[in-house]
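Examining the three-dimensional arrangement
Here is how the chains run, residue by residue.
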Amino acid sequence: MLLNKTLHNTYGTGLANTTDSNELNVPKGDNPLIWPVLSLLQSSNQSWKVHHLASELQTKGLMHNLDPLPEKDLFKRNFLLMNALYELQDILMPKQWLQVKAMEIQIFRIIPASADIQHIRDGALRDYYLDWNNYDSSVNVVREMLESFWSSFQEYIGVNTQLMHKGHALKVFELDETATDRDIRKQWRKLALKWHPDREQGNAERFREVCEAWQTLRD
């Protein structure tokens, strides 16, 4: 079924891992393009083409040059955007369905009957883009890229550049000192999605506060 998050696609097991996964240590929800992409998708009922999304993000200052070689730069930009889309697809389920096709990217408030088939069919592609090892063999490149994008994202949402005290950040996340990294990451996704200003019950101030708390706790 669509909601079964334990689906394992055998095609993904053959992908080469050029970096040790434990060494990479990049949280899956750490791609700062997730929320700007959500804003763009919810700004209109029509579908988006992936290159139109990329162009709009670049206009907002959220798409940077990632490699001096043009062909590698294009690949890395596409990888970052596709990673954000598949992360967002997972976050929105089971209440909404995000269709991820290169020429037809759209959020459906009512999950279509074909969603199960699409989810299974796209398994190998989704696994590929959710694996940061496929972005680049250099761990530092990924980390530096994420830090650069997060800095731009702070300007985009107006986050306070001074880190929040950890105790207060945990309080914002409704957690205590015993919270694990997994607990923090799970709560970040839940609260960011809940308060995102483009959501029906969203709140821009609460969303910024959650983002500030995440900036503290992710470090």
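Up top you'll find the structure we're talking about.
The present account deals with the structure reproduced in this document. (Residues numbered from 1 in each chain as written. Predicted model: local features only at pLDDT ≥ 70, side-chain atom pairs only at ≥ 80, totals over all residues. Heavy atoms only, no water.)

**Examining the overall build of the protein chain**
The test is simple: Note on conventions: DSSP H or I runs of at least 4 residues are helices, E runs of at least 2 residues are strands, and numbering of each starts at the N terminus. For each residue, the accessible area found with a 1.4 Å probe, counting protein chains only, is set against the maximum for its type, and the residue is called buried under 20%, exposed over 50%, and partly exposed in between. Contacts are assigned to residue pairs that have any heavy atoms within 4.5 Å of one another. A 1.4 Å probe and the Shrake-Rupley method give the accessible areas. Residues count as covered only by the protein chains that appear here.
Counting secondary structure elements, the protein chain contains ten helices and two strands. When the helices and strands of the protein chain are read in sequence order from the N terminus, they spell out α-α-α-α-β-β-α-α-α-α-α-α. Of all 219 residues assigned to the protein chain, the portion counted as buried reaches 47%. Taking as baseline every contact in the protein chain between residues at least 6 positions apart, the subset at least 24 positions apart corresponds to 68%. Approximately 12,000 Å² of the protein chain is accessible, and the part contributed by carbon and sulfur atoms is 49%.

**Here's the deal with the nonpolar core**
Inclusion rule: Residue types Ala, Val, Leu, Ile, Met, Phe, Trp, Tyr and Cys, when buried and joined through side-chain atoms within 4.5 Å, form a set referred to as a nonpolar core.
Judged by nonpolar contacts, the single largest core of 50 residues is most densely connected at W35, V37, L41, L85, L98 and F173. Counting residues per element, the ones that place at least two in this core are helix 2 (34–42), helix 3 (50–59), helix 4 (70–92), helix 8 (166–172), helix 9 (181–195) and helix 10 (204–218). Considering each element in turn, this core owes the most residues, ten residues, to helix 4. Not counting residues up to four positions away in its chain, the partners in contact with F173 are I184, Q187, W188, L191, V210, A213, W214 and L217.

**Looking at the packing of aromatic side chains**
To be explicit about the condition: Stacked, edge-to-face and tilted labels apply to pairs of Phe, Tyr and Trp rings (six-membered ring for Trp) whose centres lie within 6.5 Å, assigned for plane angles under 30 degrees, over 60, and everything in between, in that order.
Within this structure, the stated rule accounts for nine aromatic pairs. Between the aromatic rings of W35 and F207, the centroid separation amounts to 6.2 Å while the plane-to-plane angle is 75°, which identifies the pairing as edge-to-face. Of this pair, W35 sits in helix 2 while F207 sits in helix 10, and the two are 172 residues apart along the sequence. One exposure class covers both W35 and F207, and it is buried.

**Some words on the environment of N65**
Put simply, the rule is: What qualifies as a polar contact is a pair of N or O atoms within 3.5 Å, subject to a donor-acceptor requirement within protein and to the restriction that residues adjacent in sequence count only when both atoms come from side chains.
Relative to the helices and strands, N65 is located in the loop between helix 3 and helix 4. For N65 and K76, which are eleven residues apart along the polypeptide, the C-alpha to C-alpha distance reads 9.0 Å. If we skip the residues at most four places from it in the chain, N65 touches D73 and R77. A distance of 2.5 Å separates polar atoms of two side chains, one belonging to N65 and the other to R77.

**Some points on helix 10**
Cut-off, in case you're wondering: Multiplying 1.5 Å by the residue count of a helix minus one yields the expected span of that helix.
Helix length check: helix 10, at 15 residues, gives a terminal C-alpha distance of 21 Å against a target of 21 Å (1.5 Å per residue), a fit within 8%. Three or more residues of helix 10 are buried, namely F207, V210, C211, E212, A213, W214, Q215, T216, L217 and R218. The residue sitting at the N-terminus of helix 10 and contributing the capping side-chain oxygen is N203; that oxygen lies 3.0 Å from the backbone nitrogen of E205.

**Some remarks on a positive patch on the surface**
How we decide: To count toward a patch, a residue needs a relative accessible area above 30% and no salt bridge. Like charges then connect within 9 Å, nonpolar side chains (Val, Leu, Ile, Met, Phe, Trp, Tyr) within 5 Å. Salt bridge, as used here: a side-chain nitrogen of Lys or Arg that lies within 4 Å of a carboxyl oxygen of Asp or Glu. Counted as positive: Lys and Arg. Counted as negative: Asp and Glu, with His and the chain ends omitted from the count. Taken as the charge centre is NZ of Lys, CZ of Arg, CG of Asp or CD of Glu, depending on the residue.
Among the surface-exposed residues, R182, K186, K190 and K194 lie close enough to one another that they form a single positively charged patch. Inspection of the secondary structure assignment puts K190 in helix 9. Under the relative-accessibility criterion, K190 is labelled exposed at 52%.

**As for the packing of helix 9 against helix 10**
For clarity, the threshold we go by: What counts as an axis is a line fitted to C-alpha atoms, over the stretch in contact for a helix, and the angles between N-to-C directions run from 0 to 180 degrees. In these notes the angle categories are as follows: under 35 degrees is roughly parallel, over 145 is roughly antiparallel, 65 to 115 is roughly perpendicular, and the rest is oblique. Helix crossings get a hand from a simple test, with the near helix turned counterclockwise from the far one by less than a right angle marking a left-handed crossing and a clockwise turn marking a right-handed one. As a working rule, the residues Ala, Val, Leu, Ile, Met, Phe, Trp, Tyr, Cys and Pro are called nonpolar, Asp, Glu, Lys and Arg charged, and the rest polar, with Gly in that last group.
Where helix 9 meets helix 10, the closest approach of the two axes is 9 Å, and the angle between their N-to-C directions is 160°. When the axes of helix 9 and helix 10 are compared, the pair comes out roughly antiparallel. The way helix 9 lies across helix 10 gives a crossing that is left-handed. Between helix 9, through I184, R185, W188, L191, A192 and W195, and helix 10, the contact on the second element is made entirely by A204, R206, F207, V210, C211, W214 and L217. Its residues assigned to classes, the contact of helix 9 with helix 10 comprises eleven nonpolar, no polar and two charged.

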